[in-house]
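Architecture at a glance
Read off the chains here:
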Amino acid sequence: QVRLLESGGDSVQAGGSLRLSCTASGRILEVGNMAWYRQAPGNERELVASITFGGEESYAESVKGRFTISRDGKNLVYLQMSGLKPEDTGMYSCKAENVRMLGRSSYHDYWGRGTLVTVHS
């Protein structure tokens, strides 16, 4: 019922920048943490960055200083990526945690389908 849609993925040269966006839709009352994950072919999905409802950010060691996660209200989350490296290549997916819908008392997590980022040298 709650849908997450990512956008902004592209093919860029090493050292370039991209800004990913994730839009949440549905009758959403509140959202807790939001996060970006990525997965490259043959690899496990890994957490890239997360942000709490209070704006506290955390990052994977490999992206610290290069990526910035931010949110705008309860419906939008962004990932600004700079100094991209070939190892950043992967499918980037958005996750919303502890989402409460209007008229409901329970919380659930939701995933987007992903947006592809390719970094070449």
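Everything below is about the structure shown above.
Cut-offs used in this document
- Residues numbered from 1 in each chain as written.
- Predicted model: local features only at pLDDT ≥ 70, side-chain atom pairs only at ≥ 80, totals over all residues.
- Heavy atoms only, no water.
- Helix = DSSP H or I, 4+ residues; strand = E, 2+ residues; numbered from the N terminus.
- Rg over C-alpha atoms; globule rule 2.2 N^0.38 Å.
- Pairing = 2+ DSSP bridges.
- Axes fitted to C-alpha atoms, helices over the stretch in contact; angles between N-to-C directions.
- Disulfide = S-S within 2.5 Å.
- Phe/Tyr/Trp six-rings, centres within 6.5 Å; stacked < 30°, edge-to-face > 60°.
- Buried < 20%, exposed > 50% of the residue type's maximum accessible area, 1.4 Å probe, protein only.
- Lys NZ or Arg CZ within 6 Å of the ring centre and 35° of its normal.

The next subject is the overall build of the protein chain. Along its length, the protein chain carries 0 helices and 12 strands. Written out in order from the N terminus, the α and β elements of the protein chain read β-β-β-β-β-β-β-β-β-β-β-β. Against the compact-globule benchmark of 14 Å for 121 residues, the protein chain has a radius of gyration of 14 Å, which places it among compact chains. Seen through its principal axes, the protein chain has C-alpha atoms that stretch 50 × 25 × 20 Å.

What follows covers the sheet that holds strand β1 (residues 3-7). Spatially, β1-β3-β9-β8 is the arrangement adopted by the 4 strands of the open sheet, whose pairing is antiparallel. The outermost strands of the open sheet, each flanked by one partner alone, are β1 and β8 (67-72). Averaged over all neighbouring strand pairs, the angle between strand axes comes to 15°, with direction disregarded. Across 6 bridges, β8 lies against strand β9 (residues 76-81) in antiparallel orientation. Note that in β9 the partner of R71 across the bridge is V77.

Tallied over the full model, the rule gives 1 disulfide. Note that C22 is cross-linked by a disulfide to C94, the S-S spacing being 2.3 Å. Disulfide C22 to C94: torsion about the S-S bond roughly -85°, handedness left-handed. Taken together, the positions of C22 in strand β3 (residues 18-25) and C94 in strand β10 (residues 90-101) put the pair 72 residues apart, joining distant regions of the chain.

Phi at N98 takes a positive value of approximately 50°, unusual for a residue other than glycine. Within the secondary structure, N98 sits in strand β10.

Turning our attention to the packing of aromatic side chains. Counted under the stated rule, the structure contains 1 aromatic pair. With 4.8 Å between their ring centres and 55° between their planes, Y37 and W111 make a pair best called tilted. Residue Y37 is located in strand β5 (residues 34-39), and its partner W111 is located in strand β11 (residues 108-111); the two are separated by 74 residues in the primary sequence. For W111, a relative accessible area of 37% corresponds to the partly exposed category. Sitting over the face of the ring of W111, R45 holds its NZ or CZ atom 4.4 Å from the ring centroid.

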